[in-house]
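# Understanding the architecture of this molecule
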Amino acid sequence: MSPLSSVGDATSVAGELPGDARREQIVDELRRHLGDALLESVVVPGVDVWIRVRTDAWRRAGEVLSDELGFTYFCFLSAVDWLPSPYGRGEDDPTEPAPERSSEIVQGVAGGETRLQMLARVVHPAHHVGVNLKCDVPDDRPTVPSWIPVFAGANWHERETHEMFGIGFAGHPDLRNLYLPTDFEGHPLRKDFPLLARMVKPWPGIVDVEPMPAGDADDEGGDES
Amino acid sequence: MTMLSDRQQLSYIAAQAADARVNVELETEGMTLNIGPQHPATHGTLRIIARLDGEQVVWAEPACGYMHRGYEKLAEVRTYPQVTTLVNRIDWLGSFANEVPFILAAEQLMEIEAPARAQWIRTLLFELSRIANVSLFLGDLGVQMGAITPVFMAFRDREYVLNLIEAATGGRFHPNFDRIGGLKDDLPAGFVAETRQVMKKLRNFCDEIEDLLFGNEIFQSRTRGIGVIPRDVALDYGLSGANLRASGVDWDLRRDQRLPMAWDKVDWKVWTHTDGDSFARCWVRLQETREATKLVDQLLDGLPSGPVMAKVPRIIKVPAGEAWVSTENPLGEMGYYVVSKGDLGPFRVKIRSASFNNISIVPWVLRGVYVPDIITILASLYFILGDIDR
Amino acid sequence: MTSALWAVEIPYWGQTLLRVLGGVVAVLLPAGTIVYVFLFKMMSFMQSRLGPMEAGPYGSLQLVAEVGKWLQKEDIAPERADRFIFRLAPIVVLASTFLLVAVVPFGPDAWFTNFETGIYYAMAVSSVSVLGILMAGWASANKYSLLGGLRAAGQLIAYELPMVLAVIGVVIQAESMNLQQIVVAQNAGSIFGWDGLGNPYLLTQFVGFLIFMIAVQAELTQAPFDMPIAESELVSGYMTEYSGFRFLMFFIGEFATAGVFALIASVLFLGGWGVPFAWFGWNGIDDVDNWMNVVGPLVMFGKMMLLVFLIMWVRFSYPRFREDQLQRFAWKFLIPVSLGNIVLTAVAKVVW
């Protein structure tokens, strides 16, 4: 039975009930430990669960999940920058003036209030269910507590997030660059950091979204595969 | 106490200073050894900085990033079908396996499912890429230990698998065959019979390697008890794949997740080992390769007929949402967290690659080992640079 | 004297010249043959590939191509290397091989020197290469080379002892340290009265033979004892910084030494240049015909190739030991076993 077909389908929700109940139970347990530090949660039955916590409870949430609820497998830790890229997809004609683009920040699943959000995932090794954790990173002082006391493996993930997004991790013993040279300036995965290759040379493979004129069977300017 | 003259004082100080210099020169505080980035032992440009005391490692740390290509940033400027080409090249030995989690994540957001035949063929190619990947590991294991002959047998037998993948997809190393909604093409004629032959050869190869390498006393004394990773440390660092199973954790994403692939429709076994040392990791991979050949045979037996592509629009726009899909890739758990805003391309793709976590444990596991054991442990953890550096 | 072969008077300087040339040939010809037959062809066939096929028919001229390639490379020395020692090291290593081949007899009269303490001299001189390797490792001003040189020094010294102890059993049986005497004792001897095979010490000294071959494998730093040149770790160990002609000297030295050790092993255990005297009715060294001076080297060559085949076969098959395992094997296993072998041989000699 495919989990994809379970979204919004009443009969398969009934069939998916064990997974669904389990995820609801996880949210309830976490809320019991964190209280109102757990801001929002979304459960897609049979698929996944997203939980957003308050920034100061970031490490505490990890501790609860790891020590109390048995989520001891550390999958990954990263961040998302919700600012829409001012460069679009780097397909603009450099001779034309830059088109108008919306710079409205809209967060994704489980909401949020800031431009940067932490994203982490931990999994329960016996029950094989995972939890996606999110938390806001304050815009004025982008620092969150480090997860190293909870998961030793968060070390490299936090170093990478730091160099790519510019988020500080309080309590990290050695926050150096992982991939980039030490004197690199800027934070590449932020949306306002341009993809230099596209700045230097315009991208030739632009996908044409105009509807095809009737009678033409071939692709024209489309580069979809 | 007589008063020392200035001259006496100065000569005393000079003697002390000279003594201190000699002490510093003689003091064997430890040598810093750089293994890599150009080195025959590392699967690519990985640099390990090790501080040694004689032949023992006091402190070691990998310095990666020599091959960082910025895939997460690049994926943001591509359309969904274009990302497949990009993502092929993360783990370049088992390349079809990289495409699958991303395609599944996009399909999950679009709420479509590939037809049954496409799912089975996807699983088939996935397992073939696993065999291609791990058979190179088995050969390379010999070279790292000093046995130069098994690697030639590995390459010879791996060629058969690569020929199969090329016959089906057109590319030996970078197939770029998966499409959102199914596959690009159906299998060519004669593929099924040929694959059965090749699987027989590979089972022979696995038996050969087990005799030649794993049964060798020197190999055993080089790998048993070396680099033991206990179960809770392995989970803490997010080790995955054979590394985790060798530490006694019964974890296989093919069995534990319910993805629209064919793993739950065939019969196969998950191999674990309790020791958690280098030998266990290598042994588990050998058994998995053999198991994969049996999987392929069963998949060939049960291959359903039908179309290989679902009805998808010509220009693919994935609805807004977030999805995470991970699969049991040859190297470990590889997953994609895809954030979509209803656009032609993804808004953010977080690539969770197996070797990144597998190698993050290196500073912990290399404390106190001998220099030759560094190579053994790295070989048994099995990483691909593209997977670490993305 | 070699002059007896053609019953021609050769002046002393001529004899010396012949000896020197003969020594050079005795070292380089086996080296070349070993490299082609075993390294290029046998290794390739064992790895299910063909090996060099382009240069000459079946790649027979590949060696010429390799030598030419190495000779025309730039002679690089690292900036901080100790120049004099850096240049001297390969010469020292190669010199020990030439010194070693001087005591090997190739026929009843075809020998270079006939020391009474031949084997003693041989064992002593084979250690000179350790010096050369240490010099190479230190003078390269490279941490990898230093590690390789230190590993090599420890290993070679550790395996000298089993080699010497294994030889003592042969010396006890032959009642002489002279290599010519050892050959004669084997070929003129008999096993419990049956002299169809002579008395090759391979049969009675089987343990000694095994220990000797293992020790030789370690002395040549061949797998499974090739920690010093652990290719996948240290690149080339002590040879990393060498290029051009100097590397060629190391390379030739490795295979020449393999050939010379195999020659010595065939003298000690397989009966050397001789075939059992009983086949031709000879009773002692003086009865042996003169044509044995020509056939002897060929017989030696054949026996050498057989032993080098064993050495190379093991080299291509086994992974390598770690040094502490290597050392443990030498000190805790090989030396006690070889001591036991000596005791047994001595007792058997007295009893029978």
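This report concerns the structure included in the present document.

What counts and how
Residues numbered from 1 in each chain as written. Chains lettered and ligands numbered in written order. Predicted model: local features only at pLDDT ≥ 70, side-chain atom pairs only at ≥ 80, totals over all residues. Heavy atoms only, no water. Phe/Tyr/Trp six-rings, centres within 6.5 Å; stacked < 30°, edge-to-face > 60°. Lys NZ or Arg CZ within 6 Å of the ring centre and 35° of its normal. Buried < 20%, exposed > 50% of the residue type's maximum accessible area, 1.4 Å probe, protein only. Helix = DSSP H or I, 4+ residues; strand = E, 2+ residues; numbered from the N terminus. Pairing = 2+ DSSP bridges. Expected span 1.5 Å × (residues − 1). Contact = heavy atoms within 4.5 Å. Axes fitted to C-alpha atoms, helices over the stretch in contact; angles between N-to-C directions. Buried area = accessible area lost by both parts, 1.4 Å probe. Salt bridge = Lys/Arg side-chain N within 4 Å of Asp/Glu carboxyl O. Polar contact = N/O pair within 3.5 Å; in protein donor to acceptor, adjacent residues only side chain to side chain.

This brings us to the packing of aromatic side chains. As enumerated under the stated definition, the model contains 34 aromatic pairs over all chains in all. Taken together through their ring pairs, the aromatic side chains of Tyr159(C), Phe225(C), Phe321(C), Phe329(C) and Phe333(C) make up a single cluster. The ring of Trp59(B) carries the charged tip of Arg51(B) above its face, separated from the ring centre by 5.0 Å. Here the basic side chain of Lys341(B) rests over the ring of Phe347(B), its NZ or CZ set 4.9 Å away from the ring centre.

In summary, the side chains of a regular strand alternate between the two faces of the sheet. All names here are of chain B. For strand β7 (residues 333–340), a buried count of 8 out of 8 residues is recorded, marking the element as mostly surrounded by other parts of the structure. Both faces of β7 are covered, namely the face carrying Glu333, Gly335, Tyr337 and Val339 and the face carrying Met334, Tyr336, Val338 and Ser340. Sheet topology places strand β6 (residues 321–328) next to β7; 8 bridges connect them, and they run antiparallel. If you follow Val325 over to β7, its bridge partner there is Tyr336. Connecting the antiparallel pair β6 and β7 is a turn made up of 4 residues, with Gly332 showing a positive phi of about 155 degrees. Inspection of the sheet shows β7 paired to strand β8 (residues 348–352) by 5 bridges, in the antiparallel sense.

Think of an α-helix as 3.6 residues a turn; residues three or four steps apart then line up on the same face. Residues and elements named next belong to chain C. Its 14 residues place the ends of helix α10 (residues 206–219) 20 Å apart at the C-alpha level, agreeing with the 20 Å of an ideal helix rising 1.5 Å per residue. Within the sequence span of α10, burial applies to Gly208, Phe209, Ile211, Phe212, Met213, Ala215, Val216, Gln217, Ala218 and Glu219. Two residues or fewer past α10, Thr221 is found with a positive phi of approximately 45 degrees.

What follows covers the arrangement of the chains. Here the protein chains form 2 pairs of chains in contact, of which the pair with the most contacts is chains A and B. Note that chain A does not reach chain C: the shortest distance linking a C-alpha of one to a C-alpha of the other is 24 Å.

Our next topic: the sheet that holds strand β4 (residues 116–123) of chain A. Residue and element names in this part refer to chain A. With respect to topology, 5 strands assemble into an open sheet ordered β1-β2-β5-β4-β3, the strand pairing being mixed. Both edges of this open sheet fall to β1 (38–44) and β3 (73–81), since each of them pairs with a single strand only. Averaged over all neighbouring strand pairs, the angle between strand axes comes to 20 degrees, with direction disregarded. Summarising the sheet, β4 and strand β5 (residues 130–137) pair through 8 bridges and their orientation is antiparallel. Each residue of the ladder has a partner; that of Arg121, found in β5, is Asn132. On the sheet, helix α3 (residues 58–68) packs against β2 (48–53), β3, β4 and β5 and is oriented at approximately 170 degrees with respect to β5. Taken strand by strand, helix α4 (residues 154–165) contacts β3 and β4, and its axis lies near 5 degrees from that of β3.

Let's shift gears to the interface of chain B and chain A. Tallying the contact residues gives 54 residues for chain B and 65 residues for chain A. Summing the contributions of chain B and of chain A, the shared interface buries around 5200 Å²; its carbon and sulfur component is 56%. Taken together, the links from chain B to chain A amount to 6 salt bridges. For Arg176(A), the salt bridge is made with Glu61(B), and the minimal N-O distance between the two is 2.6 Å. Between chain B and chain A we count 25 residue pairs in polar contact (both at pLDDT 80 or more) in total.

Shape is all these values report; function is a separate question.
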